[in-house]
Amino acid sequence: MRWSPPLFAEGSASLEGAPVEAVFTSDGSEAYVSQYKLYGPGKDNPGTDTCAKGTWDDSFLYRIATDTLTIDQVIPVGPVPKFVAITHDDAMVLVSNWCGYDLSIVDTATGKETRRVDIGRFPRGIAVAPDDSVAYVTAMGTSDIAVVDLKTFDVSWIKGVGEAPRSVALSPDGKTLYVTLNGEAEVKRIDTATRQVTGEVVTGNQPRSMVLSDDGTALYVVNYADDTVSMVRTSDMTELQELPTRHHPIGITYDKATRRVWVACYVGALMVFDNT
């Protein structure tokens, strides 16, 4: 099957784009997908992966009905949107705008962006607390993690975590935060109450995306520059395994039903690892 990038109509012009990340509603009926940048008439300044904050073109978040695989909402957000997260009550979608240096808040009831929250240079990963009280957002161009209050939208900080924090994941009880440090080849464990680092482990060069097992006992991390995936025991932050992947592993997810780990690689390969 040949896949084509989605086309969007803006006025009388058709725009072509490039999807990046997706998140599903709790019942799986809808998926929200970030649209990295748009190409076409009127979109002459789309931003890049090395952008300074500026007057870049805004982009879109789009919603897909999973039963028909059709786009039923196109929601304007900031420039170069990357990671997408949804609150557990399905009320808000959060989108990190890489070139906007901010976080879009989208009301799912109206399908509208309600505000943008300043984060800092290159916001990337997002993790929402189990009670939807706060969201943790990495500022990859710094060494810090923003803590966004999801009622007031005030921002506080976990400072000095390490170079280029990229992906974040929360334990099922919300008491522990994990972060990959793309610039330091490490994953760190943080106590969310004290905001202090309580453990760390070296995995591989440029650790990027990661995912927790459903019980929170294992962490799976793709090491982009080493072409490997690591399995880390969270109780003592010990790397138990590091296995080869195809070139440039970038995406990862965990299937609770089968306990398998799925890894997407930039060369167009999708790999499945048994976790037995």
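Throughout, residues of each chain are indexed from 1 in the direction in which the sequence is written. Residue-level local features of this predicted model are given only where pLDDT is at least 70; pairs of side-chain atoms are given and counted only at 80 or more, and the full residue set underlies all totals for whole chains, interfaces and linings. Here the side-chain values reflect all heavy atoms present in the structure, with hydrogen atoms and water set aside.

Caption draft 1: Up close: the nonpolar core. What is meant by a nonpolar core is a set of buried Ala, Val, Leu, Ile, Met, Phe, Trp, Tyr and Cys residues, joined one to another through side-chain atoms within 4.5 Å. The buried label goes to any residue with under 20% of its type's maximum accessible area, the exposed label to any with over 50%, and the partly exposed label to all in between, with areas taken from a 1.4 Å probe on protein chains only. If you look at the biggest cluster of nonpolar residues, it comprises 16 residues, and the most contacted ones within it are Leu94, Leu103, Ile119, Val148 and Leu150. Under the scheme used here, helices are H or I runs from DSSP no shorter than 4 residues and strands are E runs no shorter than 2 residues, and both carry numbers assigned from the N terminus. Going through the elements one at a time, strand E7 (92–97), strand E8 (102–107), strand E10 (123–128), strand E11 (134–139) and strand E12 (144–149) are the ones with two or more residues in this core. At three residues, the largest contribution of residues to this core is made by E11. The contact rule is simple, with two residues in contact once any of their heavy atoms fall within 4.5 Å. In this view, Val148 contacts Leu103, Val117, Ile119, Ser133, Val134, Ala135, Val137, Phe153, Asp154 and Val155; residues no more than four positions away in its chain are not counted.

Caption draft 2: Structural detail: the state of the cysteines. By convention in this document, the label disulfide applies to cysteine sulfur atom pairs within 2.5 Å. In total, this model carries one disulfide according to the counting rule given. Cys51 shares a disulfide with Cys99; S-S distance 2.0 Å. Between Cys51 and Cys99 the disulfide shows an S-S torsion of about -105°. By sign, it is left-handed. Of this pair, Cys51 sits in the loop between strand E3 (30–39) and strand E4 (60–65) while Cys99 sits in the loop between E7 and E8, and the two are 48 residues apart along the sequence.

Caption draft 3: Molecular detail of the environment of Phe83. Along the chain, Phe83 falls in strand E6 (residues 81–86). Here Phe83 falls in the partly exposed class, since its relative accessible area comes to 23%. Residues Phe83 and Gln196, 113 residues apart in the sequence, show an inter-C-alpha distance of 24 Å. Apart from residues no more than four positions distant in its own chain, Phe83 is found in contact with Glu21, Leu94, Val95, Ser96, Arg124, Gly125 and Ile126.

Caption draft 4: Representation of the packing of aromatic side chains. Here a pair means two rings of Phe, Tyr or Trp (six-membered ring of Trp) with centres within 6.5 Å. Their orientation is stacked below 30 degrees between planes, edge-to-face above 60, and tilted elsewhere. For the coordinates displayed, the defined rule picks out four aromatic pairs. Between Trp98 and Phe122 the ring centres are 4.4 Å apart and the planes differ by 5°, which places this aromatic pair in the stacked class. With Trp98 in the loop between E7 and E8 and Phe122 in the loop between strand E9 (112–118) and E10, this pair connects stretches of sequence that are 24 residues apart. Assessed through its relative accessible area of 8%, Phe122 is described here as buried. A ring pair is formed by Tyr101 and Phe122, whose centres lie 5.7 Å apart and whose planes are at 75°; its orientation type is edge-to-face. Here Tyr101, found in the loop between E7 and E8, pairs with Phe122, found in the loop between E9 and E10; they are 21 residues apart in sequence, far enough to count as distant. Charge-over-ring placement is defined geometrically: NZ (Lys) or CZ (Arg) within 6 Å of the ring centre, and within 35 degrees of the ring normal. Above the ring of Trp157, the side-chain terminus of Lys159 is found at 5.1 Å from the ring centroid. Against the face of Tyr224 rests Arg208, its NZ or CZ located 3.7 Å from the ring centre.

Caption draft 5: Fine view of the sheet that holds strand E15 (residues 176–181). Here, any two strands with at least 2 DSSP bridges between them count as paired. Strands sit in the order E14-E15-E16-E17 across an open sheet of four strands; the sheet is antiparallel. Here the strands that pair on one side only, and so sit at the sheet edges, are strand E14 (165–170) and strand E17 (196–202). Across this sheet, the average inter-strand angle for adjacent strands is 25°, counted without regard to direction. Direction of pairing for strand E16 (residues 186–191) relative to E17: antiparallel, over a ladder of six bridges. Bridged to Glu186 within E17 is Val202. Between N-to-C directions, angles span 0 to 180 degrees; the directions come from axes that are lines fitted to C-alpha atoms, helices contributing only their stretch in contact.

Caption draft 6: Quick peek at unusual backbone geometry. With phi around 60°, Ala185 is a residue other than glycine that occupies positive phi space. Given the relative accessible area of 14%, Ala185 is considered buried.

Caption draft 7: Inspection of a nonpolar patch on the surface at higher detail. Every patch collects residues that have over 30% relative accessible area and no salt bridge, joining them within 9 Å if they carry like charges and within 5 Å if they are nonpolar side chains (Val, Leu, Ile, Met, Phe, Trp, Tyr). Note on areas: these come from Shrake-Rupley sampling with a 1.4 Å probe, and a residue is covered only by the protein chains present in the view. By definition, a salt bridge exists where a carboxyl oxygen of Asp or Glu is found within 4 Å of a side-chain nitrogen of Lys or Arg. Together, Trp262, Leu270 and Val272 make up an exposed nonpolar region whose accessible area comes to about 280 Å². Residue placement: Leu270 occurs in strand E24 (residues 270–273).

Caption draft 8: Region of the structure containing the environment of Glu186. Mapped onto the elements of the fold, Glu186 is located in strand E16. Of the residues examined, Glu186 reaches a relative accessible area of 13% and is grouped as buried. Placed 151 residues apart in sequence, Glu186 and Gln35 show a C-alpha to C-alpha distance of 29 Å.

Caption draft 9: Looking closely at the layout of surface pockets. For each structure, a 1 Å grid was placed over the protein atoms alone; sets of points admitting a 1.4 Å probe that cannot get out are labelled cavities, open sets with protein on both sides within 12 Å along at least five of seven lines are labelled pockets, and lining residues have an atom within 4 Å of a point. Grid points are joined across faces, edges and corners, and a volume is the space filled by probe spheres set on the points. Each pocket or cavity is described by its volume, and for the second largest pocket that value is around 150 Å³. Forming the walls of the second largest pocket are 11 residues, and the residues nearest its centre are Tyr220, Gln241, Leu243, Phe273 and Asp274. Only strand E20 (228–233) and strand E21 (238–244) provide two or more residues apiece to the lining of the second largest pocket. Ranked by residues supplied to the lining of the second largest pocket, first place goes to E20 with three residues. Tallied by class, the residues present in the lining of the second largest pocket amount to six nonpolar, four polar and one charged. Residue polarity is assigned by list, with Asp, Glu, Lys and Arg as charged and Ala, Val, Leu, Ile, Met, Phe, Trp, Tyr, Cys and Pro as nonpolar; anything else, Gly included, falls into the polar class.

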